[in-house]
Amino acid sequence: VQLVESGGGLVQAGGSLKLSCAASGDSFSNYRMGWFRQAPGKEREFVAAIRWTGGTTYYSDFVRGRFTISRENGKNTMYLQMNSLNLGDTAVYYCAAGWRSSVYTDTATEGYNYWGQGTQVTVSS
């Protein structure tokens, strides 16, 4: 599976961005999908995840209520709508795909087998 993120950029605090992740190479609906992020000097951390049917979602505490994850299996695309952005949201955001049979949880990096190259999100004051 190949993953390509888009939609990152520079935004003022309080603003919004919508990230997209386009998948190719295999049946998109076979995978759990997730968003992770990594800020300079920090480890990669879980942001949000969505199961293969789109009916189950997970969010980290620091984005719940501000970010919304969604997917369109017919378009092989996943999204992350980010609202009320703050300086702490500045990071490289990565799209990830994981096998349905994974023994790891949806929130763990080990639960994902394929990663995109990342897209930079910068929030300014």
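Since the structure is predicted, the reported quantities are computational estimates derived from the model, not experimental observations.

Student: What is the right way to look at the pattern of salt bridges in this model?
Tutor: Using the criterion set out here, one finds seven salt bridges in the structure. In this structure, Arg 64 engages Asp 61 in a salt bridge whose closest nitrogen and oxygen atoms are separated by 2.7 Å. Relative accessible area serves as the criterion here: at 47%, Arg 64 is assigned to the partly exposed category. Assessed through its relative accessible area of 65%, Asp 61 is described here as exposed. Note that Asp 89 is salt-bridged to Arg 66, the shortest N-O span being 2.8 Å. You can see Asp 89 sitting in the loop between strand E8 (77–82) and strand E9 (91–99) and its partner Arg 66 sitting in the loop between strand E6 (57–59) and strand E7 (67–72), a full 23 residues away along the chain. Of the two residues examined, Asp 89 and Arg 66, each falls in the buried class. Each of Arg 37, Glu 45, Arg 66 and Asp 89 takes part in one network of salt bridges that share partners.

Student: Even after reading the chapter, I still don't get the state of the cysteines, so can you show me in this structure?
Tutor: Structurally, a disulfide amounts to a covalent bond that connects the sulfur atoms of two cysteines. This structure, assessed with the given rule, holds one disulfide. Each sulfur of the disulfide joining Cys 21 and Cys 95 lies 1.8 Å from the other. Classification of the bridge connecting Cys 21 and Cys 95 rests on its S-S torsion, roughly -55°, and on that basis the disulfide is left-handed. Separated by 74 residues along the polypeptide, Cys 21 in strand E3 (residues 17–24) and Cys 95 in strand E9 bring together distant segments of the chain. This pair shows no difference in class: Cys 21 is buried, exactly as Cys 95 is.

Student: I'm lost on the sheet that holds E7 in this one. Help?
Tutor: Each strand in a sheet pairs with its neighbour through backbone hydrogen bonds, running either in the same direction (parallel) or in the opposite one (antiparallel). The four strands are arranged E1-E3-E8-E7 in an open sheet whose pairing can be described as antiparallel. Here the strands that pair on one side only, and so sit at the sheet edges, are strand E1 (2–6) and E7. Recorded for the sheet is a direction-independent mean angle of 15° between the axes of neighbouring strands. Note that E1 and E3 share five bridges and pair antiparallel. Paired with Leu 3 across the bridge in E3 is Ala 23.

Cut-offs used in this document
Residues numbered from 1 in each chain as written. Predicted model: local features only at pLDDT ≥ 70, side-chain atom pairs only at ≥ 80, totals over all residues. Heavy atoms only, no water. Salt bridge = Lys/Arg side-chain N within 4 Å of Asp/Glu carboxyl O. Buried < 20%, exposed > 50% of the residue type's maximum accessible area, 1.4 Å probe, protein only. Helix = DSSP H or I, 4+ residues; strand = E, 2+ residues; numbered from the N terminus. Disulfide = S-S within 2.5 Å. Pairing = 2+ DSSP bridges. Axes fitted to C-alpha atoms, helices over the stretch in contact; angles between N-to-C directions.

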